[in-house]
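Each chain, written out:
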Amino acid sequence: MLHLKVGKRKADCPNNWKELTLKQWVGMLEILSKYDIGKKNEEERTEVEIAQSNLDYTVAIRDIFSYLTGLEIEYVNKVKTNDMAAIIDVVNEFLTVKGEPNETTRCFKFKEKLYYFPSPKMETSTFEDYIEASQLEITNKNMKAGKYAVLAEQMAILCREEGERFDETKIKKKTKMFSNLTMDVVWDFIFFLTKQTNTSRRYLATSLKRI
């Protein structure tokens, strides 16, 4: 966690994926989606459009920094150039670099409980599990749309304690709880599930050819 002094105020700001929660990540993407950033290739834009896009990105970073630290926009607006450069570096790291997942992760501990990812190759998974996993893959490819908001619910459905069965009544509670998972765990889950879904898809395609 970065302990910053912004003007006369002190603020804490996440500095890596282990400190940023899924809820905060979704909030960042929602802020970013308000601005017309990256909608056109640079070679398709005029100089004025490029300048406007750069300005919009700077404004988005300011808003995101305000969101992450709890400092009011009016206060962040008065930050001096030297401090502003440091702020841009911190926020830009999250927006331009995805986490590096641990390929061996199969479970995670949260709130003193151990939750397991779906079985390898999703061999024991249901239709419901497979559909949720496939939706997650689509979400991952569509990050700019801000659809990461569904991740907490998908993890609530697919990540279970040992012996836990699907229980719709628990999903809402688990979704709220999992929104506070840190993004290093979330990236591990996305990587694992994307890989397993691709394997399952190839298996299902082979099976369908036999019909």
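The structure contained in this document is the topic of the report that follows. (Residues numbered from 1 in each chain as written. Predicted model: local features only at pLDDT ≥ 70, side-chain atom pairs only at ≥ 80, totals over all residues. Heavy atoms only, no water.)

**Quick word on helix H2 (residues 47–69)**
Here is step 1: Helix length check: H2 (23 residues) gives 33 Å between terminal C-alpha atoms against 33 Å at 1.5 Å per residue, within 8%.
Here is step 2: For H2, the complete set of buried residues consists of Ser-53, Asp-56, Ala-60, Ile-61, Asp-63, Ile-64, Phe-65, Ser-66, Leu-68 and Thr-69.
Here is step 3: Elements in contact with the buried residues of H2: strand E1 (2–6), strand E2 (9–13), helix H1 (22–32), helix H3 (73–76) and helix H4 (81–96). (Helix = DSSP H or I, 4+ residues; strand = E, 2+ residues; numbered from the N terminus. Expected span 1.5 Å × (residues − 1). Buried < 20%, exposed > 50% of the residue type's maximum accessible area, 1.4 Å probe, protein only. Contact = heavy atoms within 4.5 Å.)

**Quick notes on the nonpolar core**
Here is step 1: Trp-25, Phe-108, Met-155 and Phe-178 are the most contacted members of the largest nonpolar core, which totals 49 residues.
Here is step 2: Counting residues per element, the ones that place at least two in this core are E2, H1, H2, H4, strand E3 (107–110), helix H6 (151–158), helix H7 (168–178) and helix H8 (183–209).
Here is step 3: In terms of residues, this core owes the most to one element, H8, which gives eight residues. (Core = buried A, V, L, I, M, F, W, Y, C linked by side-chain atoms within 4.5 Å.)

**Structural notes on the packing of H6 against H7**
Here is step 1: It is the contact of H6 with H7, at a shortest axis distance of 8 Å, that shows an interaxial angle of 125°. Classed by the angle they form, the pair H6 and H7 counts as oblique. Judged by the sense of rotation from one axis to the other, the crossing of H6 with H7 is right-handed. From H6, Ala-152, Glu-153, Met-155, Ala-156 and Ile-157 reach across to H7, where they touch Ile-171, Lys-174, Thr-175 and Phe-178. (Axes fitted to C-alpha atoms, helices over the stretch in contact; angles between N-to-C directions. Parallel < 35°, antiparallel > 145°, perpendicular 65-115°, else oblique. Left-handed = near helix turned anticlockwise from the far one by under 90°.)

**Points about the pattern of salt bridges**
Here is step 1: Enumeration over the complete set of coordinates arrives at three salt bridges.
Here is step 2: With a shortest N-O distance of 2.7 Å, Asp-63 and Arg-62 are connected by a salt bridge.
Here is step 3: We note a salt bridge from Glu-164 to Lys-174, for which the minimum N-O separation is 3.2 Å. Of the two residues, Glu-164 sits in the loop between H6 and H7 while Lys-174 sits in helix H7, which places them ten residues apart along the sequence. (Salt bridge = Lys/Arg side-chain N within 4 Å of Asp/Glu carboxyl O.)

**Description of the packing of H1 against H2**
Here is step 1: Packing of H1 against H2 brings their axes to within 9 Å, and their N-to-C directions diverge by 150°. On the basis of their axis angle, the class for H1 and H2 is roughly antiparallel. Regarding H1 and H2, the two cross each other, and that crossing is right-handed. Judged by residue contacts, Lys-23, Gln-24, Gly-27, Met-28, Ile-31 and Leu-32 of H1 engage Tyr-57, Ala-60, Asp-63, Ile-64, Tyr-67 and Leu-68 from H2.
Here is step 2: Looking at the contact of H1 with H2 residue by residue, the class counts come to eight nonpolar, two polar and two charged. (Nonpolar A, V, L, I, M, F, W, Y, C, P; charged D, E, K, R; others polar.)

**Digging into empty space enclosed by the protein**
Here is step 1: As enumerated under the stated definition, the model contains one cavity of 30 Å³ or more in all.
Here is step 2: Quantified by volume, the largest cavity comes out at close to 30 Å³.
Here is step 3: Every residue lining the largest cavity is listed: Ala-156, Ile-157, Arg-160, Glu-164, Arg-165, Phe-166, Asp-167, Lys-170, Ile-171 and Lys-174.
Here is step 4: Taken together, the elements giving at least two residues each to the lining of the largest cavity come down to H6 and H7.
Here is step 5: Counting residues per element, the lining of the largest cavity draws most heavily on H7, which supplies three residues.
Here is step 6: Looking at the lining of the largest cavity, its residues break down into four nonpolar, no polar and six charged. (1 Å grid on protein atoms, 1.4 Å probe; cavity = no way out; pocket = protein on both sides within 12 Å on 5 of 7 lines; lining within 4 Å. Points joined across faces, edges and corners; volume = space filled by probe spheres on them.)

**Re the side chain of Lys-174**
Here is step 1: A relative accessible area of 7% places Lys-174 in the buried class.
Here is step 2: Leaving out residues up to four positions away in the same chain, Lys-174 has contacts with Tyr-115, Ala-156, Cys-159, Arg-160 and Glu-164.

**Details of H7**
Here is step 1: Those residues of H7 that sit buried are Ile-171, Lys-174, Thr-175 and Phe-178. With its buried residues spanning 110° around the axis, H7 presents them on a single face. Along H7, the residues that are exposed and aim more than 90 degrees away from the buried face are Thr-169, Lys-172, Lys-173 and Lys-176.
Here is step 2: Buried residues along H7 sit in contact with H1, E3, strand E4 (113–116) and H6. (Arc of directions from axis to C-beta.)

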